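# Inside the fold
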Amino acid sequence: MSQLATAIDLSSELQRVDSAVLKRFESRSILLNAASRYLLSSGGKRMRASLALLAARLLGEPDAERALNIATAIEMIHAASLVHDDLIDTADVRRGRPTVHSKWGGNVALMVGDYLFALAAEQMAEASDPRIIKTLARGVVRICEAELSPVTDVVPLQRTLEQYFAKIGGKTAALFECAAESGMMVGGGNDREVEALRQFGYEIGLAFQIVDDILDFTADEQTLGKPAGHDLQEGTITLPVIYAVEMGASEVVREAAQTFEPSPELVAAAVAEVRRICATKRAFADAERLVANAVKRLAIFPDSAAKDALIELAELVLRRKM
Ligand code: FPP
Ligand code: MG
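Owing to the predicted nature of the structure, the values given are computational and were not obtained by experimental measurement.

So, how was this worked out
Starting from 1, residues in each chain are numbered consecutively following that chain's sequence as written. Chains and ligands are labelled sequentially in the order written, the chains with letters from A and the ligands with numbers from 1. Only residues with pLDDT of 70 or above have their local features reported here, since the model is predicted, and side-chain atom pairs are shown and tallied only from 80 upward, although totals for entire chains, interfaces and linings are computed over all residues. Just so you know, side-chain values use all the structure's heavy atoms and leave hydrogens and water out. For the purposes of this entry, the term helix denotes a DSSP run of H or I that reaches at least four residues, the term strand denotes a run of E that reaches at least two, and both are numbered from the N terminus. Every radius of gyration here is taken over C-alpha atoms, with the globule rule written as 2.2 Å times N^0.38, N being the number of residues. Burial classes: relative accessible area under 20% of the type maximum marks a residue as buried, over 50% as exposed, and values in between as partly exposed (1.4 Å probe, protein chains only). Only heavy atoms enter the contact rule, under which two residues are in contact if any of them lie within 4.5 Å. Where accessible areas are quoted, they stem from the Shrake-Rupley method and a 1.4 Å probe; at the residue level, only the protein chains shown are allowed to cover. Residues scored as charged are limited to Lys and Arg (positive) and Asp and Glu (negative), so that His and the chain ends carry no count. Charged side chains are reduced to one point each, which is NZ for Lys, CZ for Arg, CG for Asp and CD for Glu. Atoms of type N, O and S within 2.8 Å of a metal are treated as its donors, and for Na, K and Ca the window is 3.2 Å; water is not considered, so some sites may appear to be missing partners. With a 1 Å grid spanning the protein atoms alone, the term cavity applies to any set of points in which a 1.4 Å probe fits but cannot get out, the term pocket to an open set with protein on both sides within 12 Å along at least five of seven lines, and the term lining residue to any residue with an atom within 4 Å of a point. Grid points are joined across faces, edges and corners, and a volume is the space filled by probe spheres set on the points. Classification used: nonpolar for Ala, Val, Leu, Ile, Met, Phe, Trp, Tyr, Cys and Pro, charged for Asp, Glu, Lys and Arg, polar for all others including Gly. A helix is expected to span 1.5 Å for every residue after the first. Two N or O atoms count as a polar contact when they lie within 3.5 Å, although within protein this holds only if one can serve as hydrogen donor and the other as acceptor, and sequence-adjacent residues are included solely when both atoms are side-chain atoms. We call a set of buried residues a nonpolar core when its members are Ala, Val, Leu, Ile, Met, Phe, Trp, Tyr or Cys and they connect through side-chain atoms within 4.5 Å of each other. In this description, a disulfide is simply a cysteine sulfur pair whose atoms lie within 2.5 Å. Side-chain rings of Phe, Tyr and Trp (the six-membered ring for Trp) are treated as a pair once their centres are within 6.5 Å; stacked means planes under 30 degrees apart, edge-to-face means over 60, and tilted covers the remaining angles. Definition used: whenever NZ (Lys) or CZ (Arg) falls within 6 Å of the ring centre and also within 35 degrees of the ring normal, the charge is taken to sit over that ring.

Assigned secondary structure in the chain consists of 16 helices and 2 strands. In terms of overall dimensions, the chain is globule-like: its C-alpha atoms have a radius of gyration of 19 Å, near the 20 Å expected for 322 residues. The principal-axis extents of the C-alpha atoms in the chain amount to approximately 55 × 50 × 30 Å. When the 322 residues of the chain are sorted by exposure, 53% land in the buried category. A separation of at least 24 residues holds for 75% of the contacts in the chain among residues at least 6 apart in sequence. When the accessible surface of the chain is summed, it comes to about 14000 Å², and 54% of that surface belongs to carbon and sulfur atoms. Computing the positive centroid from 36 side-chain charges and the negative centroid from 45, the chain places the two 2 Å apart.

Rendered as structure tokens:
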């Protein structure tokens, strides 16, 4: 599995996170066990776990077990949300492999998501800190609310942007926020320090999703592990589309965004137009601004390897190709 290379080598801790996740799967259900293992072995950068582990170290050596506990719970919540998301999106492929529901069916996917989430709750309880449990539970509430909140059209710009940022703020940034915030709680931060990490996590989470939405237009299928233009195909309106329309793109973009189940030809034409007009560059500038802001939040902390690693992690969000 790929891991992040940062100023601090987290590989052994991330391996412990993976082992802790696998240990939780030691259930009597062979099917749930197999499907969960399949999901967890499909790669992933363990970015949220890394964020929690690094945030916990920002003020010195934390309680390693507690840091590991929250990192593990967060990875399990993330995995649960992906299984359910793929079911809702009827996505057949993730990270280049068949999704859980396309391999085992919708009922199994539903149960695997619930199962992982329940295991995450058990893991959270081991954090033995009601503040952390509440933070993670609130995060899941926001993820669920956002998953079903629509971006209704590409215009008017202001309303569309508000809907878009509310959606990605919940579905993606909330968990980054929880990871950074609860990591800092484990690390013993005061209210101001916890708040700084909360905002850091939120901003890099927004940037992460914007880059994800850009890659849907710019990356090839092999790198991305899913076909380009997938969001438009699914009727998901993202920042490159919103900006393309605002920048005067041809009608094909709005048409693709507004058509229920657009044809592959229409999607391909819209993708080409979004690229031609450079709307992805404008969206990327937003992601860069968010990362720059996030990094500024760390100014209140003393210099350390953990701080350097968090800055690297923030910058990696912009450089990732999948
Ligand atoms: C991915 O969005 C969406 C999420 C990561 C959030 C999904 C959340 C739920 C389904 C709520 C259930 C939560 C739990 C904990 C059981 P996307 O479809 O834009 O991204 P993708 O391209 O990676 O699919
Ligand atoms: Mg999806």
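Glancing now at the coordination of the magnesium ion (ligand 2). The protein atoms that coordinate the magnesium ion (ligand 2) are Asp85 (OD) and Asp89 (OD), at distances of 2.0 to 2.1 Å. According to the relative accessible area criterion, Asp85 is buried, its value standing at 16%. Given the relative accessible area of 24%, Asp89 is considered partly exposed.

A few words now on empty space enclosed by the protein. Tallied over the full model, the rule gives 3 cavities of 30 Å³ or more. Approximately 90 Å³ is the volume attributed to the largest cavity. The wall of the largest cavity is formed by Tyr38, Leu39, Ser42, Val83, Asp86, Arg94, Arg97, Pro98, Thr99 and Val100. If you list the elements that add at least two residues to the lining of the largest cavity, you get helix 2 (30–40), helix 4 (64–88) and strand 2 (97–98). When its residues are assigned to classes, the lining of the largest cavity shows 5 nonpolar, 2 polar and 3 charged. In this structure, the second largest cavity spans a volume of roughly 60 Å³.

Negative phi characterises most residues that are not glycine, and trans characterises most peptide bonds. In this chain, Val155 is followed by Pro156 through a cis amide linkage whose omega measures -5°. When you line up the elements, Pro156 lands in the loop between helix 7 (130–147) and helix 8 (157–186). Positive phi is not limited to glycine here, since Thr90 has a value of about 45°. Topologically, Thr90 is positioned in the loop between helix 4 and strand 1 (93–94).

Right, let's talk about helix 7 for a bit. Across its 18 residues, helix 7 extends 26 Å between first and last C-alpha, which sits within 8% of the 26 Å expected from 1.5 Å per residue. Buried positions along helix 7 lie against helix 4, helix 6 (106–125) and helix 8. If you check the start of helix 7, you find a side-chain oxygen 2.9 Å away from the backbone N of Arg131, and it comes from Asp129.

Inspection of the secondary structure assignment puts Phe117 in helix 6. On the accessibility criterion, Phe117 (32% relative accessible area) is partly exposed. In this structure, the C-alpha to C-alpha distance between Phe117 and Ala79, residues 38 residues apart in sequence, is 8.5 Å.

Before going further, it helps to spend a moment on the nonpolar core. With 108 residues, the main nonpolar core has Leu51, Leu197, Phe200 and Ile210 as its most contacted residues. In this structure Phe200 touches Leu51, Ala294, Val295, Arg297, Leu298, Leu310 and Ala314, once residues within four positions along its chain are discounted.

Next up on the list: the state of the cysteines. The final tally for this structure, using the stated rule, is 0 disulfides. No disulfide involves Cys144; its nearest neighbouring cysteine sulfur is the one of Cys178, lying 12 Å away. A relative accessible area of 48% places Cys144 in the partly exposed class.

This paragraph deals with the packing of aromatic side chains. As enumerated under the stated definition, the model contains 3 aromatic pairs in all. Ring geometry for Tyr38 versus Trp104: centroids 5.2 Å apart, planes at 80°, classification edge-to-face. One end of the pair, Tyr38, is in helix 2; the other, Trp104, is in helix 5 (residues 100–104), and 66 residues separate them in sequence. Pairing Phe176 with Phe208 gives two aromatic rings, centres 5.0 Å apart and planes at 45°, and the pair type is tilted. Pair noted here: Phe176 is in helix 8 and Phe208 is in helix 9 (residues 191–218), with a separation of 32 residues, a long-range link. Like Phe176, the residue Phe208 is buried in the burial classification. One residue, Lys103, lies across the ring of Trp104, its end atom 5.3 Å from the ring centre.

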